[in-house]
Structure formats: structure tokens, C-alpha cells
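Coordinates in review
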Amino acid sequence: MSRPRLRKNGARYCCLLVLLAVILLSACSGEASVQSRPGGEVSSISILAPLHFPQTPSKDIVAEIEKLTGVKLDITWVPEGVYTDKMNTALTTNSLGKVTFVKFTDSNLVKNVIRSGAFWEIGPYLQDFPNLKQLDASILKQSAVDGKVYGLYTERPSSRQGIIIRKDWLDRLHLNKPQTLDELYEVMKQFTYNDPDGNGKADTLGLVDRNDLVYGVFKTLSSYFGTPNNWKLVNGRFIPEFETPEYMDTMNFMRKLYKEKIINQDFALTSKEVQRDQFIRGTAGIFIGSMTDAKRLSIEAQAINPRAELTLINRIKGPQGYKVWSIPNYNGLYLFSKKAIATEQELKRVLGFFDRTMDKDVANLMMYGIEGRHYKLKDGKVILPDETSQLRVYEVNPLYSLMIADIGNKNIMGVAQKEQLTALADQLSEDNEQFLVDDPTVSLSSTTFDEKNTELSAIIMDATYNYILGNLTAEGFRVEVEKWRAGGGDLIIQEYGEAEAGK
């Protein structure tokens, strides 16, 4: 009677061995599910993320990410143009989800919130995860607050800034790509007054801009003039960019474009969406900003006018040669709310999800989409055909906002063939590395800057716009700078100087 029981127990034992082998194999796999990461299974993660495209990513791809990671994603996608306002509202009403993205340009808005203890310090946990422990130490240091790591960074090159220009307009007017500031002005003028679209109407502009002195036209143009990147360090003393002759030269150039109606007259009030629309519809021939926008702009422009052809320029020679402003190598950070994530165990589960997204299967899904639909594979390399570029723009590319350290992630497959404009944008972004202008205060801290920069920068922003529009004289602009100094600017200069001396 005991023999049947022995057989039954033996079978159970064999099953347990098989199950154990499966578990061990899964644990050794480079593409383990999130359940094998520290903290175990995650049921749902709420994320506030920016949307840089007209629509949210493909539901099929999101569903596949959920399937692979074992996580239910509750993502609130917010259009990039209103993202800062939405994030601030969530902060001030204490209604954050588990994970919140903070743009690099908004990092000072949340420093004091971080210091108040609203977010988890995640630095001590990174070594527990196979992918997160390989994050770039220098970028983590750049993004740290008071030397502590609170966020997972989304990566980017130092500068993608350049000029997107209508090549078909250049060809029609027999113009070469501009290589200097004078040539750039001449092309803008010709695009405005010499009927580049050939319709016999005076209905074009040389340049279209928006109400953004950083990611609009102004900052990139100012770097061509040799303006420092936010601050200039001279003999241990910091000089704000707007007190330099180069900043004034840039304002004078913009003032000339405005007076001669070469730029859209309502640029100080224009949103990014309207700016893009004017360029897409052929109202303007030059768009200055991130060169990686070129492919999407081309797709949308050709949908309206199949003859529209774009190209890129990254080198414009100014008085000091080639210059372009840079930012640290991250777009922003994902922060983890202590209110929404109540325990250390839950934090580890959420970090495990992000670690899992860096594995080969999930990372490549987020980067390229679904094989056969969005890309092809040849000899282990990705082929990105032109005919599927529109699908990728609308279905895949919005997911880039969720990708952690994608440039440095070795699990992402290499690309053997890209669309022409995308390849050119990548090539010129790499070329920008040769003449970057860095911000010397990136690794420094100023308490007054953190507390008062929002109100102080508004003084300079308003003064800059009013000077360009002809509402302020040079002396009037200097008066506004003195207001900035008296309101806290002098303290910022002093504190940065002390921080520099104490390095």
C-alpha cells in the first residue's frame, strides 16, 4: 500500500524539481519579469508623464508592456505645453500619483519640495537592480539635490539645437544653406519678401517663433552670437547672461526681425502648437529648435504639400565662431511620491518596474515598436523604413518620455538604417558636441535662486520681450536688470560665487 504513495510523492518531487529549474532559469534571464526584481509583484503604477506628440502611444504597445512587466499602468499623459502647470497643480494640491516626471527646466521649482521630504531618496536602492545600478554616475550627480539621488533620469544628448529649414524654398530662390548670421538674416529676408512658395502672394515669413526664450528661437540664436549659457564665470565672479553684450546683440537682431516683419508679429504670445502649425502649413520657412523634430514636421508638412522638403543646419558661425548652448545629459527626472508610495517595499516594486523597462524586450518595444509593423530586423540590426515612419511617430515615439537612460542602455538594438532626416539630426547633434557652451552653475547651489528664480526670471523675460518689441530702450532694459539685482539677483551671484569657491 505504501508503494503507490511513494510513486505519488516521487511524481510531486519531480514536478517540484522542474518548477525549481524553471524559476532558476527565469531568474538568470536578462529579460526577467518585474516579479524577480526586489520588492516582488506590482499591481498598478500611476504616472504623470509629458506628451510631446499629438496623441498617446498605441494601446497595443502599452498592453504588451503591461503583459511583459506584470504591471497595470495608469498613465496621465499631459501635453508638453501645459505640463509644468499640471505638475505644479499636483504638487500644490498634494495630489501626486506614485511617479511624477519633472522636466529639467522645472527642476528648481521642486527642489524645496524634495527637501521637505515629499519624495523618496532612491540612491541607496539602485544597487539592488541589475539595470538601475548601471545608470551613469555623472548624470546622477548632475541631477542630485544636496548630493542625494531622488530621480531616475531620461537621457538626451548635450544639444540637439539647430535650424530646420525649407530646402525647397532655398532651391526655388537659388539660395545656399546659410552658414553665418548675416547669411541667416538674408535667407530669412528672402523667405519673407521674395515669394519662396511661388504662389504670387506676399504670405510667407522667414522665421516663426513662440513664447519661450529657452526652447524657442532666442536661446539658440543667442548662443550663435556667443552669449554665455545662463551664466559667465570671470575670475570667480558670476555674470548673468543678460548683462553681456552678446545678449544685447541677440535682442537687437530679434528686434530687427520684428521691425521688418520677418518674424511672426505675435511671437511673444504664440504657443508651440501654433508655431508648429505655421511652419507645417508653409507660412514660415525656418524653425529653430530641436533638430529631432524635423521628421515629424516633414511628415505633417508633406501631408499638406507633398512638395515640401526640409533639411537641417547646426553650424552658424558667429563673432566667436561656432557655439551652441547645452544642458546636462538628462531631459528630466521621474520622482517617487512618499504619500502615494507608503512603504519601502512598495518603492522597491515600483523601481523594479522601471528596471524591467530597461531589459532588451521591453526597451526595444518602447524604442522601436512592434517588429514587422514599425520596423524590420536584419542581422540583429534595426531597419527603420520611411514608409512606416508616420506609424512610429504616432504610435511609438510618445513612449520615449517613459524611457530611462535610453542612450546609455546597452540592451537597445543598434540601427542599421534610419530615415534620412532622423539620421541627419543624430549626426548634427553629435557634431554639436564639438562646440558646446556649458552652464557653469549646473553643479552649484544657490538658496536664493531656488526660492526666487521664478519671480526674478519673469522680470528678465518681460524685459527681453519688451525690448524686442520696441517697448523698452537699452537704458530701460538696464533698469529692469537692476530690479532683478535688488530683488535677489545680487544674492544669487554671491551664493554661486561662494559655492564655486568652496568646490
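Above this text sits the structure in question.
One structure accompanies this document, and this report is about it. Just so it is clear, the model here is predicted, and its values are computed rather than measured. (Residues numbered from 1 in each chain as written. Predicted model: local features only at pLDDT ≥ 70, side-chain atom pairs only at ≥ 80, totals over all residues. Heavy atoms only, no water.)

A separate point is the packing of aromatic side chains. This structure, assessed with the given rule, holds 25 aromatic pairs. With 6.4 Å between their ring centres and 75° between their planes, phenylalanine 242 and tyrosine 247 make a pair best called edge-to-face. Assessed through its relative accessible area of 12%, phenylalanine 242 is described here as buried. One aromatic cluster is present, formed by Phe218, Trp231, Phe238, Phe242, Tyr247, Phe449, Tyr467, Phe477, Trp484 and Tyr496 through successive ring pairs. Note that lysine 219 overlies the ring of tryptophan 325, its terminal NZ or CZ placed 5.4 Å from the centroid. Across from the ring centre of tryptophan 120, 5.5 Å away, lies the NZ or CZ of lysine 338, which sits over that ring. (Phe/Tyr/Trp six-rings, centres within 6.5 Å; stacked < 30°, edge-to-face > 60°. Buried < 20%, exposed > 50% of the residue type's maximum accessible area, 1.4 Å probe, protein only. Lys NZ or Arg CZ within 6 Å of the ring centre and 35° of its normal.)

Turning next to the packing of helix α3 (residues 83-92) against helix α4 (residues 107-115). Across the interface, α3 lies against α4 with an axial gap of 11 Å and an inter-helix angle of 15°. Here α4 runs roughly parallel to α3, going by the angle between their axes. Helix-helix and strand crossings are classified by hand; for α3 and α4 the assignment is left-handed. Across from Thr84, Met87, Asn88 and Leu91 in α3, the residues of α4 making contact are Leu109, Val110 and Val113. (Axes fitted to C-alpha atoms, helices over the stretch in contact; angles between N-to-C directions. Helix = DSSP H or I, 4+ residues; strand = E, 2+ residues; numbered from the N terminus. Parallel < 35°, antiparallel > 145°, perpendicular 65-115°, else oblique. Left-handed = near helix turned anticlockwise from the far one by under 90°. Contact = heavy atoms within 4.5 Å.)

Within helix α11 (residues 294-304), eight of the eleven residues are buried, which leaves it mostly tucked inside the rest of the structure. Looking at α11, one finds that the buried residues are Ala294, Lys295, Arg296, Leu297, Ser298, Ile299, Glu300 and Ala301. Buried-residue contacts for α11 involve β5 (161-166), α10 (272-280), β8 (286-290), β9 (310-313), α14 (389-396) and α15 (420-432).

Our next topic: the side chain of asparagine 409. Looking at the secondary structure, you find asparagine 409 in the loop between α14 and β14 (415-417). What makes asparagine 409 buried here is its relative accessible area of 9%. Engagement of the side chain of asparagine 409 in a polar contact is seen with the backbone nitrogen of asparagine 411, the distance being 3.0 Å. Here asparagine 409 is in contact with Met358 and Ala363, once residues within four sequence places are set aside. (Polar contact = N/O pair within 3.5 Å; in protein donor to acceptor, adjacent residues only side chain to side chain.)

A separate point is the sheet that holds strand β4 (residues 152-155). Strands sit in the order β2-β1-β3-β11-β4 across an open sheet of five strands; the sheet is mixed. In the strand order of this sheet, the two ends are held by β2 (72-79) and β4, each with one partner. When strand polarity is set aside, the average angle formed by the axes of neighbouring strands in this sheet is 25°. Here strand β1 (residues 44-51) runs beside β2; their pairing, made up of eight bridges, is parallel. (Pairing = 2+ DSSP bridges.)

Treat this as a map of the structure, not an account of what it does.
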